[in-house]
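Structure assessment
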Amino acid sequence: PVLLDWLPWHHTFGGNHNFNMVLRNGGTLFVDDGRPTAGLIERTVANLREVSPNLYFSVPAGYAMLLPYLEKDDELARSFLRDLRLIFNAAAALSQDLWDRMARLSIAHLGRRIPLTSGWGATETAPLATTAHFPVDRADVIGLPVAGVEIKLAPVAGKLELRVRGPNVTPGYYRAPDLTREAFDDEGFYRTGDAGRLLDPEAPEKGLVFDGRLAENFKLGTGTWVHVGVLRTAVLAACAPVLQDLVVCGEDRDEVGILAWPNVSAASAPEVVEAVLRGVRAHNRTHSGASTRIARVHLLTEPPSMDANEITDKGYLNQRAVLQRRSDLVARLHREP
């Protein structure tokens, strides 16, 4: 393996998975001093001009920020794709649009699609519980349990929670017996707080589909559940490529709204506004229910803050932290008239 990697080693993905994989297989690890944040993605782009990895690991925010550079710069795209054998996504759900754009990029430059795959797990499952070790053609498939691991699908709040049991699962939290007891069910399965389902209940070997984080979901004032993870990826796909990311709001209110960050490298400001309007209207034509229709949009100019925990050091958004820190914008978004 040859990696150019920014993922932090104190996380189980960047450390247990990537760093130790390179050591175990006698590979080469180039430490990327960039990351998927404003002002640092340019470092990753510069490094990819010098290093052509044969495996590439990142998170959805990383691909969302990198793709506009690859799509506009043929020389950079050729350097990135030249030796690449596998692209891997983790940490959060990748939108189908990002998946499709990555496939189109590799076909345009190589005449074939580079395998793009995914897995799923948590820090507590060190580092994964499932992986897609077979070809998949959609972004939300997280594969099957890895050797020795069991997955239980437990009904919770109208979804199926992914619960894990196996030798890779932590025995508990350090000096926190109460947290440990709450984290496991009566059969010893770790409660992950993530939802999943079988892609095809009649053919379980086709794998599991990631179905959002239960903790992010909320109810409208009508009592209807809003499933944030699924809605987020659908809206990002409808508005591609002009939105970089978004959070969904509307808890205890009558309508769903979003706070969204424009992809400033994709288009000019007026073009972004028009493209977002077109995308949201297209989404709403096929999602007319109160829990899926986007009624209000606020475009943000201040990037998510890592210091305020709005974005984790693995590069994905903390929905709750964003909504809490920007509660004044949420109130303005839902204000009448």
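The model shown is predicted, which means the values in this text are computed figures rather than measured ones. One numbering rule holds for all chains: residues counted from 1, following each sequence as written. Restriction of local features to residues with pLDDT of at least 70 applies here, the model being predicted, together with a cutoff of 80 or more for giving and counting side-chain atom pairs; totals for whole chains, interfaces and linings are based on all residues. Side-chain numbers here rest on the full set of heavy atoms in the structure, without hydrogens or water.

The next point concerns the pattern of salt bridges. Whenever a carboxyl oxygen of Asp or Glu lies within 4 Å of a side-chain nitrogen of Lys or Arg, that contact is scored as a salt bridge. Counted by the stated rule, this structure contains 23 salt bridges. Note that Arg325 and Glu310 form a salt bridge whose closest N and O atoms lie 3.0 Å from each other. Of this pair, Arg325 sits in helix H9 (residues 319–325) while Glu310 sits in the loop between strand S16 (294–299) and H9; the two residues are 15 residues apart in sequence, bridging distant segments of the chain. With a relative accessible area of 38%, Arg325 lands in the partly exposed category. Using a relative accessible area of 0% as the deciding quantity, one classes Glu310 as buried. Shared partners join several salt bridges into a network, and the residues in it are Lys152, Glu161, Arg163, Asp185 and Glu187. Strands here are runs of E lasting at least two residues and helices are runs of H or I lasting at least four, both read from the DSSP assignment and numbered beginning at the N terminus. Only protein chains enter the accessibility calculation, which uses a 1.4 Å probe. A residue is then buried if its area is under 20% of the maximum for its type, exposed if over 50%, and partly exposed in between.

Below, the discussion takes up the state of the cysteines. Working definition: the covalent bond between the sulfur atoms of two cysteines is a disulfide. A pair of cysteine sulfur atoms is labelled a disulfide when the two atoms are within 2.5 Å. Scanning the model with the defined rule gives zero disulfides in all. Free of any disulfide, Cys239 has its nearest cysteine sulfur in Cys249, 14 Å distant.

Further remarks concern the sheet that holds S16. Whether two strands pair depends on DSSP finding at least two bridges between them. Read across the sheet, three strands follow the order S14-S15-S16 without closing on themselves; strand pairing throughout is mixed. Among the strands making up the open sheet, the edge pair consists of strand S14 (243–249) and S16. Looking at each pair of strands side by side, their axes are set apart by 30° on average, direction ignored. As defined by bridge partners, strand S15 (residues 256–262) adjoins S16 across five bridges and the pair is classed as parallel. When the bridges of S16 are listed, Ile258 appears paired with Val297. Working convention: axes come from line fits to C-alpha atoms, limited for helices to the stretch in contact. Angles between N-to-C directions cover 0 to 180 degrees.

Take empty space enclosed by the protein next. Definitions used throughout: a 1 Å grid over protein atoms alone; a cavity as a set of points that fits a 1.4 Å probe which cannot get out; a pocket as an open set with protein on both sides within 12 Å along at least five of seven lines; a lining residue as one with an atom within 4 Å of a point. Grid points are joined across faces, edges and corners, and a volume is the space filled by probe spheres set on the points. Going through the model one piece at a time under the given rule, you end up with two cavities of 30 Å³ or more. Along the wall of the largest cavity there are 18 residues; nearest its centre are Ala64, Ser95, Leu98, Leu243 and Gln244. Those elements that provide at least two residues to the lining of the largest cavity are helix H3 (60–72), helix H5 (96–110), helix H7 (228–238) and S14. Mapped by element, the contributors of at least two residues to the lining of the second largest cavity are helix H2 (41–50), strand S3 (55–58) and H3. The residue classification treats Ala, Val, Leu, Ile, Met, Phe, Trp, Tyr, Cys and Pro as nonpolar and Asp, Glu, Lys and Arg as charged. All others, Gly included, are polar. Its residues assigned to classes, the lining of the second largest cavity comprises six nonpolar, three polar and no charged.

Another aspect to go through is the layout of surface pockets. Taken as a whole, the largest pocket spans an internal volume of roughly 920 Å³. Forming the boundary of the largest pocket are 39 residues, of which Ala91, Gly121, Asp194, Arg213 and Tyr316 lie nearest the centre. Elements supplying a minimum of two residues to the lining of the largest pocket: helix H1 (13–24), strand S4 (86–89), strand S5 (116–120), strand S10 (190–198), strand S11 (208–213) and H9. Of the residues forming the lining of the largest pocket, the biggest block, four residues, is contributed by S10.

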